[in-house]
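Residues per chain are reported as follows:
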Amino acid sequence: MTGEARGDSLSYSARLPFEEARAGAVSRLPDLSGRGRDAAGKELLMCGIVGYTGQRQASRILVEGLKRLEYRGYDSAGIAVRKDETVKEGEAPLLVIKKKGKIAELRKAVPKDLPGNYGIGHTRWATHGGVTDVNAHPHLDTAGRVAIVHNGIIENYAPLKEMLENDGAVFASDTDSEVIAHLVAYHYEGDLESAVKAALRHLKGTYGIAAVHADEPGRIVGARNGSPLVIGVGDGEMLLASDVTALLAHTTSVVYLNDGEVVSMSPREFRISDRDDRAVDPKIDLVTWKLDAIEKEGFSSYMEKEICEQPESIARALSGRMDLEYGSAKLGGLELSKKELHAIERIRVIAAGTSWHAGLVGCQLMESVARLPAQAELASELRYRNPVVEPNSLYLAVSQSGETADTLYAMREIQRRGGSVLGVCNVVGSTIARESDGGIYVHSGPEIAVASTKAFTSQLAAFYLLTLSLARLHDMSHHEGDRFLKELKAVPEAVGRSLLLRDRIQAIAKRYAHHRDFLFLGRGLLYPIALEGALKLKEISYIHAEGYASGEIKHGPIALVSPETPSVFLVPNDHLREKTISNMREIKARGGPIIALAEEGDEDVAAIADEFIPVPAVETRFQPFVMVPPLQFFSYFCALERGCDVDQPRNLAKSVTVE
Ligand code: AGP
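Quantities reported herein were computed from a predicted structural model and do not represent experimental measurements.

Draft legend 1. Molecular detail of the site of the ligand. Around the ligand, the surrounding shell holds 15 residues, and the nearest of these are Ser 355, Ser 399, Ser 401, Thr 404 and Glu 539. Contact between the ligand and Thr 354: an oxygen atom at 3.1 Å from a main-chain N or O atom of the residue. Within the contact set of the ligand, an oxygen atom lies 2.4 Å away from a side-chain nitrogen or oxygen of Glu 539. In the complex, the protein chains occlude 90% of the 410 Å² of accessible area that the ligand would expose alone. In this structure the site holding the ligand corresponds to the second largest pocket. Secondary structure elements with two or more residues in the shell around the ligand: α9 (353-368) and α17 (526-541). By residue class, the composition of the shell around the ligand is five nonpolar, eight polar and two charged.

Draft legend 2. Main features of the sheet that holds strand β10 (residues 238-241). Spatially, β3-β2-β4-β1-β10-β9-β11-β15 is the arrangement adopted by the eight strands of the open sheet, whose pairing is antiparallel. The sheet is open, and its two borders are formed by β3 (94-100) and β15 (285-286), each paired with just one other strand. Of the pairings in the sheet, the one linking strand β9 (residues 230-233) to β10 comprises four bridges and is antiparallel in character. Within β10, the residue paired with Val 230 across the bridge is Ala 241. Across the sheet, helix α1 (residues 58-69) lies against β1 (48-53), β2 (76-82), β4 (118-124) and β10, angled at about 155° from β1, the strand it touches most.

Draft legend 3. Region of the structure containing the pairing of strand β23 (residues 517-522). Burial runs high along β23: five of the six residues are buried. Inspection of the sheet shows β23 paired to strand β24 (residues 544-549) by six bridges, in the parallel sense. By the bridge assignment, Leu 521 is partnered in β24 with Tyr 548. Bridge analysis of β23 against strand β25 (residues 567-570) gives three bridges, and the strand direction is parallel. Bridge assignment links Phe 520 to a residue of β25, and that residue is Val 568.

Draft legend 4. Examining the sheet that holds strand β6 (residues 146-154) more closely. Spatially, the seven strands line up as an open sheet ordered β5-β6-β7-β8-β12-β13-β14, and their pairing is antiparallel. At either end of the open sheet lies a strand with only one pairing partner, and these are β5 (139-140) and β14 (279-280). Note: strand β13 (residues 269-273) against β14, two bridges, orientation antiparallel. Along β14, the bridge assignment pairs Ile 272 with Val 280.

Draft legend 5. Fine view of the nonpolar core. Ile 79, Leu 396, Tyr 464, Phe 518, Phe 520 and Phe 634 are the most contacted members of the largest nonpolar core, which totals 126 residues. Ignoring anything within four residues of it in the chain, the contact list for Leu 396 reads Ile 347, Arg 348, Val 349, Ile 350, Met 366, Val 421, Leu 422, Val 424, Phe 463 and Leu 466. In this structure, Val 146, Val 184, Tyr 207 and Val 262 belong to the second largest nonpolar core, which totals 28 residues.

Draft legend 6. Geometry of the pattern of salt bridges. Summed over the entire model, instances satisfying the criterion amount to 40 salt bridges. The residue Asp 215 makes a salt bridge to Arg 145 at a minimum N-O spacing of 2.5 Å. In this pair, Asp 215 is assigned in the loop between β7 (205-213) and β8 (220-225) and Arg 145 in the loop between β5 and β6, connecting sequence segments 70 residues apart. Under the relative-accessibility criterion, Arg 145 is labelled partly exposed at 30%. Between Asp 602 and Arg 577 there is a salt bridge, and its shortest N-O distance comes to 2.7 Å.

Draft legend 7. Expanded view of the pairing of strand β11 (residues 253-256). Relative to β11, β9 runs antiparallel, the two being bridged by three bridges. Each bridged residue has a counterpart across the sheet, and for Val 230 the counterpart in β11 is Tyr 256. Direction of pairing for β11 relative to β15: antiparallel, over a ladder of two bridges. Counterpart to Val 254 in the pairing with β15 is Asp 285.

Draft legend 8. Representation of the side chain of Lys 98 within the structure. Here Lys 98 lies in strand β3. We note that Lys 98 is buried and unpaired, the nearest opposite charge coming from Glu 178 at a distance of 7.0 Å. Here the side chain of Lys 98 touches Val 134 through a polar contact of 3.1 Å, landing on its backbone oxygen. At 2.7 Å, the side chain of Lys 98 and the backbone oxygen of Ala 136 are in polar contact. Aside from chain neighbours lying at most four places away, what touches Lys 98 is Ala 77, Gly 78, Leu 106, Asp 133, Val 134, Ala 136, His 137, Pro 138 and His 139.

Draft legend 9. The arrangement of the environment of Leu 382 in detail. Relative to the helices and strands, Leu 382 resides in helix α10 (residues 379-382). For Leu 382 and Leu 331, which are 51 residues apart along the polypeptide, the C-alpha to C-alpha distance reads 27 Å. Apart from residues lying up to four places away in sequence, Leu 382 is in contact with Ile 350, Glu 377, Pro 387, Ala 410 and Ile 414.

Draft legend 10. Layout of helix α20 (residues 623-641). Compared with the 27 Å implied by 1.5 Å per residue over 19 residues, the 28 Å span of α20 between its first and last C-alpha is a close match. Of all 19 residues in α20, 17 are buried; the element is thus mostly enclosed. Of the residues trailing α20, Gly 643 is marked for its positive phi of about 75°.

Draft legend 11. Representation of the packing of aromatic side chains in the model. For the structure shown, the criterion picks out eight aromatic pairs. Both rings, one in Tyr 464 and one in Phe 484, keep their centres 6.2 Å apart while their planes meet at 35°; by these two values the pair is tilted. One end of the pair, Tyr 464, is in helix α13 (residues 454-471); the other, Phe 484, is in helix α14 (residues 478-489), with 20 residues separating them in the sequence. By relative accessible area, which is 0% here, Phe 484 ends up buried. Plain terms: the ring middles of Phe 633 and Phe 637 are 5.7 Å apart, the flat faces sit at 25° to each other, and that makes the pair stacked. With Phe 633 and Phe 637 both in helix α20 and four residues apart, this pair spans about one turn of that helix. Grouped by ring-pair contacts, the aromatic residues Tyr 464, Phe 484, Phe 622 and Phe 625 constitute a single cluster. Over the face of the ring belonging to Tyr 542 we find Arg 650, whose NZ or CZ atom lies 3.9 Å from the ring centre.

Draft legend 12. Broad picture of unusual backbone geometry. His 137 connects to Pro 138 through a cis peptide bond whose omega is 0°. Even without being a glycine, His 443 presents a positive backbone phi close to 55°. Along the chain, His 443 turns up in the loop between β22 (439-441) and α13. Taking the relative accessible area as the measure of exposure, His 443 reaches 9% and is therefore buried. Positive phi outside glycine occurs at Asn 651, with the angle close to 65°. Looking at where Asn 651 falls in the secondary structure, it is placed in the segment after α20.

Conventions we followed
- Residues numbered from 1 in each chain as written.
- Predicted model: local features only at pLDDT ≥ 70, side-chain atom pairs only at ≥ 80, totals over all residues.
- Heavy atoms only, no water.
- Near = heavy atom within 4 Å.
- Polar contact = N/O pair within 3.5 Å; in protein donor to acceptor, adjacent residues only side chain to side chain.
- Areas by Shrake-Rupley, 256 points an atom, 1.4 Å probe, with all protein chains shown as cover.
- 1 Å grid on protein atoms, 1.4 Å probe; cavity = no way out; pocket = protein on both sides within 12 Å on 5 of 7 lines; lining within 4 Å.
- Sits in = over half its atoms within 2 Å of the grid points.
- Helix = DSSP H or I, 4+ residues; strand = E, 2+ residues; numbered from the N terminus.
- Nonpolar A, V, L, I, M, F, W, Y, C, P; charged D, E, K, R; others polar.
- Pairing = 2+ DSSP bridges.
- Contact = heavy atoms within 4.5 Å.
- Axes fitted to C-alpha atoms, helices over the stretch in contact; angles between N-to-C directions.
- Buried < 20%, exposed > 50% of the residue type's maximum accessible area, 1.4 Å probe, protein only.
- Core = buried A, V, L, I, M, F, W, Y, C linked by side-chain atoms within 4.5 Å.
- Salt bridge = Lys/Arg side-chain N within 4 Å of Asp/Glu carboxyl O.
- Lys, Arg positive; Asp, Glu negative; His and termini not counted.
- Expected span 1.5 Å × (residues − 1).
- Phe/Tyr/Trp six-rings, centres within 6.5 Å; stacked < 30°, edge-to-face > 60°.
- Lys NZ or Arg CZ within 6 Å of the ring centre and 35° of its normal.

Written out as structure tokens, the structure is:
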């Protein structure tokens, strides 16, 4: 999905084969990359990198960039800049400032007038290994001449550390990342790029790295293997980041680095080469995201803003893709001819979390509407099974970020077995987008809050379009296609109306936020929506919530029902409505409080429920769209009520780039 700006003609670049192990050996230190995983190598990092070289004050740009990346990880942060050109004898030339806590802590610690016009910065998120100032990045070598920042995991860091210590290196932190600084210093002979390449040959694991050396003013070297890096090409300045959001304030011209590539940049030029030192022709892409899309714009949080943006984001996902002439959908990025599409016999979705829930809805639709057997699989499970990749199956890797490790590795496993995988991604140029064999961008715009909201409904929109397109190749008539399109076209407006329920939901959340446990229950297309409602509540308000198919409660979960455990029912407006109402009665009879979402005017449901949330009337198969925003608001207001940080919930990161 390279550099494509909008809609229908997505161009997917050729797939770069994933290279598990790097070729070549290094001069003096033995290659230990084959050794096993060390306990401390389990440290999980889902962090942000930013680098700047140019004429402006680097520290300011780095801290600002880190602020933009904070959503990726936020337990500590730091920067390294060259103090100035005239460093006194015996003084460390690189200044590193790092602080645990939010970027605000780092900002306080960085002097406003700090000189230096190149440097690197990092936000860190750790689940293992101490959250301390010392463990924050950047890390220095013993002499303080090399500084590095690293995203990923160095699995063989322990034996490397032992060897480097035997060679005289003094380690300051407990992290795996610090070995990289010492390795670069070990190999440094006046050329940072060569030293970084030599250091990389020792490493086993994943990395996105940026490095500077005090003896090479203005130079930054970056490298990538499994952790994203993107170059920002400015006017007389260059930037490097793990995420385009850190670059948007400065440039929209970007180059995405592929696995195995190394970039060496100075203010006016950059050079990309591969592991074998062959020059790589850069492809400059234009990012179409606007800066205001990553600002809060008057909202109190990104999550609130992103929930409220859904009418527009869904409209964007649909825009230019509704084929009104033929009652079908146009999805050029699939890169499949009508004949190839027609030959598809089954669909498999691979995804995680919220994206998996979108996949569950998509699969039900494709099966019931397009009459194709379809199944959504958890990527983390599929990867370690021994999956049968049948011919004429179409795999869809669904991912907002396009960087989720579980989904990426599952996709690669399928491709390795000869299966073709299409990406359904939001982030243009992300790894899944680039490595997939075609796909659909969902165009929800940047999603900053950790809890996925608008990307989910845009993923749904993509599945509805794909369903229509497939259905029209099989049994669906032109007339039925027209009807489906008419309903789909009306979705953004209906979602807008469901957002008007906000105040009612806030009041309900106030009354229920103190409960410890919730059940979320739905049937058919609303079953995955129940799972999504439960996930949202768990992740941002830390309330235990179980999502279940309503028909399943009598098989066990009903034992949980009590006045302390409210049930949130999603009531469909079709033949399953009666059955759902019976389930509500079963709960009611056992003293369980009921919050019910049903079509406006449904008096029966309103009479049984303790709290009634009337959602706009739409055709049954489009009900997922109007049920989702109230559930998002419910989790949002429960979280606020409980004093939780809605944008940056504890223990979570936006892109889960480790397994
Ligand atoms: C969603 O609210 C979660 N933060 C999480 O489940 C997320 O959907 C999952 O990690 C998958 O992410 P992706 O869509 O970027 O692949």
